[in-house]
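Analysis of the macromolecular model
The residues making up each chain are set out below.
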Amino acid sequence: MITLYHCVSARSLRPMWLLEELGLPYQLQMLPFPPRALAREFLQHNPLGTVPLLVDGSARLSESAAICQYLAARHSPGGLDVAVDDAAFASYLNWLHMSDATLTFPQTLLLRYRYFEAPERRQPQVAEDYQRWFLARLRAVEAGLQGQEFLCAGRFTAADVAVGYALLLAQHLGLADQFGPAVAAYWARLQARPAFQRALRIQHEAALAQGVPTTPAPDLRP
């Protein structure tokens, strides 16, 4: 049985959404955010104290994009994965890893320096700079979607799940009104997917059942 350690609407939503797309059974272990401070026992499982953590037999992965790549390759070859001999393989890998390293990263700094730090440690200029950084890099997604519904291979893949989470995070940050038309339409298509809607519903129900706050991690304020 796959086990996923997860905080509500944190980056661990990427693998959870993909697990729902794949229809795989899994155990969802909910944690309060941030777990490194509020669930110290979790450090026994992941010394970083971060989510996601996916455990699949002897495999243990803690990077959300890597987990998406792992699950798609292992459980959906030729489906939500893109094969190495496919002409779209390079594009698939690039989008998959751009999702976190280029799109989510600046948003985490925006969150930290606009909201999560104590008032005396907040840095409005830093937050503004990283907001502009994210929106500038989102232009690559706008360009990549011209004339197509999904980012690569002519179909929905794990890369769309990974990039989709960056758009969800942007929505929590109030940036969705600055999406270009192609990104806005793409985000609407992703949100309409039954697996995405299930993931949101299941995480909420699991948080209630496991006694974890249901507020999405990006919406928490000190």
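The rules behind each value
Residues numbered from 1 in each chain as written. Predicted model: local features only at pLDDT ≥ 70, side-chain atom pairs only at ≥ 80, totals over all residues. Heavy atoms only, no water. Pairing = 2+ DSSP bridges. Helix = DSSP H or I, 4+ residues; strand = E, 2+ residues; numbered from the N terminus. Axes fitted to C-alpha atoms, helices over the stretch in contact; angles between N-to-C directions. Contact = heavy atoms within 4.5 Å. 1 Å grid on protein atoms, 1.4 Å probe; cavity = no way out; pocket = protein on both sides within 12 Å on 5 of 7 lines; lining within 4 Å. Points joined across faces, edges and corners; volume = space filled by probe spheres on them. Nonpolar A, V, L, I, M, F, W, Y, C, P; charged D, E, K, R; others polar.

All right, on to the sheet that holds strand β4 (residues 59-61) then. Strand pairing in a sheet is mediated by backbone hydrogen bonds. Such pairs are either parallel or antiparallel. Spatially, four strands are ordered β2-β1-β3-β4 in an open sheet, and the strand pairing comes out mixed. A single partner strand is all that each edge strand has here, and the edge strands are β2 (26-30) and β4. Direction aside, neighbouring strands of the sheet carry axes that sit 15 degrees apart on average. Bridge count for strand β1 (residues 2-6) against strand β3 (residues 53-56) is three bridges, and the pairing is antiparallel. Residue pairing in the sheet places Leu4 in a bridge with Leu54 of β3. Packing against the sheet, helix α1 (residues 13-22) makes contact with β1, β2 and β3, and its axis sits at approximately 140 degrees to β1. Contacts from helix α3 (residues 64-75) reach β1, β3 and β4, with the element oriented near 25 degrees to β3.

Within this model, the largest pocket holds a volume of roughly 700 Å³. In terms of lining, the largest pocket is formed by 28 residues, of which the most central are Arg11, Phe33, Arg36, Thr108 and Phe116. When contributions to the lining of the largest pocket are tallied by element, the ones reaching two or more residues are α2 (35-38), α4 (89-116) and α6 (158-172). When residues of the lining of the largest pocket are assigned to their parent elements, the largest contribution, six residues, is made by α4. A breakdown of the residues in the lining of the largest pocket according to their chemical character gives 15 nonpolar, six polar and seven charged.

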